[in-house]
Amino acid sequence: MSKKTILTGDRPTGPLHLGHYFGSLVNRIAFQDEFESYFIIADVQALTDHWEEPELVRQNVFEVACDNLAAGIDPDKSTLFIQSQIPEIAELTIFYSNLVTINTLRRNPTVKSEIAEKRLLFGDDGESVTFGFLGYPVSQAADITCVRADLVPVGADQLPMIEQTREIIEKFHRIYNCNIFPIPKAHLSNSPRILGLDGDAKMSKSLNNAIYLKDSEEDTIQKIKTAKTDSESTVSFDPKERPEISNLILLFALANSTTPEEVAKDLVNVNYSTFKQKLADDLNKFLKSLRERRVEIASNPKKVMDILENGRIKTQKKAAETMRLVREAMKINY
Ligand code: TRP
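Residues numbered from 1 in each chain as written. Predicted model: local features only at pLDDT ≥ 70, side-chain atom pairs only at ≥ 80, totals over all residues. Heavy atoms only, no water.

Engineer: What is the right way to look at the state of the cysteines in this model?
Structural biologist: By definition, a disulfide is the covalent link that joins the sulfur atoms of two cysteine residues. Taken as a whole, this structure holds 0 disulfides when the rule is applied. With no disulfide of its own, C146 lies closest to C178 among cysteine sulfurs, the gap being 16 Å. Look at C146 and you get buried, because its relative accessible area is 0%. (Disulfide = S-S within 2.5 Å. Buried < 20%, exposed > 50% of the residue type's maximum accessible area, 1.4 Å probe, protein only.)

Engineer: Teacher, can you tell me more about the site of the ligand here?
Structural biologist: Inspection of the region around the ligand gives L7, T8, G9, R11, A42, Q45, Q140, D143, I144, V152, V154 and Q158 as its neighbouring residues. Within the side chain of Q45, a nitrogen or oxygen atom sits 2.7 Å from a nitrogen atom of the ligand. Here a nitrogen atom of the ligand sits 2.9 Å away from a polar atom, N or O, in the side chain of Q158. For the ligand, the protein covers 89% of the area, taking 360 Å² as the surface of the free molecule. Broken down by secondary-structure element, the contributors of at least two residues to the shell around the ligand are β1 (5-10), α9 (136-146) and β4 (151-154). The residue makeup of the shell around the ligand, split by class, is 5 nonpolar, 5 polar and 2 charged. (Near = heavy atom within 4 Å. Polar contact = N/O pair within 3.5 Å; in protein donor to acceptor, adjacent residues only side chain to side chain. Areas by Shrake-Rupley, 256 points an atom, 1.4 Å probe, with all protein chains shown as cover. Helix = DSSP H or I, 4+ residues; strand = E, 2+ residues; numbered from the N terminus. Nonpolar A, V, L, I, M, F, W, Y, C, P; charged D, E, K, R; others polar.)

Engineer: What should I look at first to understand the packing of aromatic side chains in this one?
Structural biologist: Describing an aromatic ring pair means giving the distance of the ring centres and the angle of the ring planes. For the structure on display, the rule yields 11 aromatic pairs. Considering the side-chain rings of F31 and F35, the 5.4 Å spacing of their centres and the 80 degrees angle between planes classify their relative orientation as edge-to-face. Taken together, the ring pairs in this structure connect W51, F122, F133 and Y136 into an aromatic cluster. Positioned above the aromatic ring of Y136, the side-chain terminus of R11 is 4.6 Å from the ring centre. (Phe/Tyr/Trp six-rings, centres within 6.5 Å; stacked < 30°, edge-to-face > 60°. Lys NZ or Arg CZ within 6 Å of the ring centre and 35° of its normal.)

Engineer: Looking at this structure, how should I read the packing of helix α1 (residues 18-34) against helix α14 (residues 272-298)?
Structural biologist: When two helices pack together, their arrangement is captured by the angle between the axes and the distance separating the axes. Packing of α1 against α14 leaves a shortest axis separation of 13 Å and a crossing angle of 70 degrees. Taken together, the axes of α1 and α14 are roughly perpendicular relative to one another. Residue-level inspection shows L18, Y21 and F22 of α1 in contact with α14, the latter providing L283, F286, L287 and L290. Grouping the amino acids of the contact of α1 with α14 by side-chain chemistry returns 7 nonpolar, no polar and no charged. (Axes fitted to C-alpha atoms, helices over the stretch in contact; angles between N-to-C directions. Parallel < 35°, antiparallel > 145°, perpendicular 65-115°, else oblique. Contact = heavy atoms within 4.5 Å.)

Engineer: Mind showing me how you'd approach a negative patch on the surface here?
Structural biologist: Among the surface-exposed residues, E217, E218, D219 and D281 lie close enough to one another that they form a single negatively charged patch. Here the element with the most residues in the negative patch is helix α11 (residues 217-225); it accounts for 3 residues. Residue placement: E218 occurs in helix α11. (Patch = residues over 30% accessible without salt bridge, like charges linked within 9 Å, V, L, I, M, F, W, Y side chains within 5 Å. Salt bridge = Lys/Arg side-chain N within 4 Å of Asp/Glu carboxyl O. Lys, Arg positive; Asp, Glu negative; His and termini not counted. Charge placed at Lys NZ, Arg CZ, Asp CG, Glu CD.)

So far we have only geometry, and geometry alone does not tell us how the molecule works.
Below you can see the structure in the form of structure tokens.
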């Protein structure tokens, strides 16, 4: 039996951090043996809210590629590619755009909250939202369907995108009387959500509260030292009442392959500064070999670009088959 296909990826707006690592990279590494795996570096999507910063997006395509490779994505097993290198994605986006109403896009909960966060770009009431940003879920459906993915490993914030993709596929099949695409399922990671070091709900490049895979040991120590805690004198795990310290305990547990509850038992009567020192040390130990690999990978940009070029070739091969089926179904196979 042929392997099922997965596709997932990231917007290259910054290097990847611990939230990405424990939330998705770990799973990607596990998936690549079992599935035909595609990992997209979604530069076109990154440009939907960074169109005025093309340099930033370009630089981060490279950073995200290095992060994926250093974490263990094996280019002999998996396909790592850049979204803008696959014109078929842009074509599919246009064809699908007939099948999606503007109201549906406006109601997409993830898009909605992103528009609300990006007041400077899109106005206080989202009145200046662009066609491109509002439509990025359609383009994401094109990402997923160009390789006819069965499974899309993502975080919970991406569920509306998968739902939108399913709706597009079902409509496409019905209207054009065909059955080209598998109906993709989301695969939610079971690793717990990592908060920002400032206690914000999300570790995020835009909030500057993240530990990056590429950070130096010194950066890591400094960031943990200044991470927000509370005014209690002892450490305890209580994610509801004490989110900041509990998040640090969670990181400690992940770095030591144990559970936060186990960690908390050992921490009774340990003070914050001792705990933070140990946490920074353990994170640095945990990341040591990944960081060494990353330095080596990043020192050879030509090799990274070759890997991405191979990714382009493999992805386009699959996308070309998809386009043949799509054009035939839509009667535009002149
Ligand atoms: N929207 C995703 C994010 O912000 C990135 C992404 C782009 C993606 N295309 C995708 C994820 C296709 C899964 C499948 O993280």
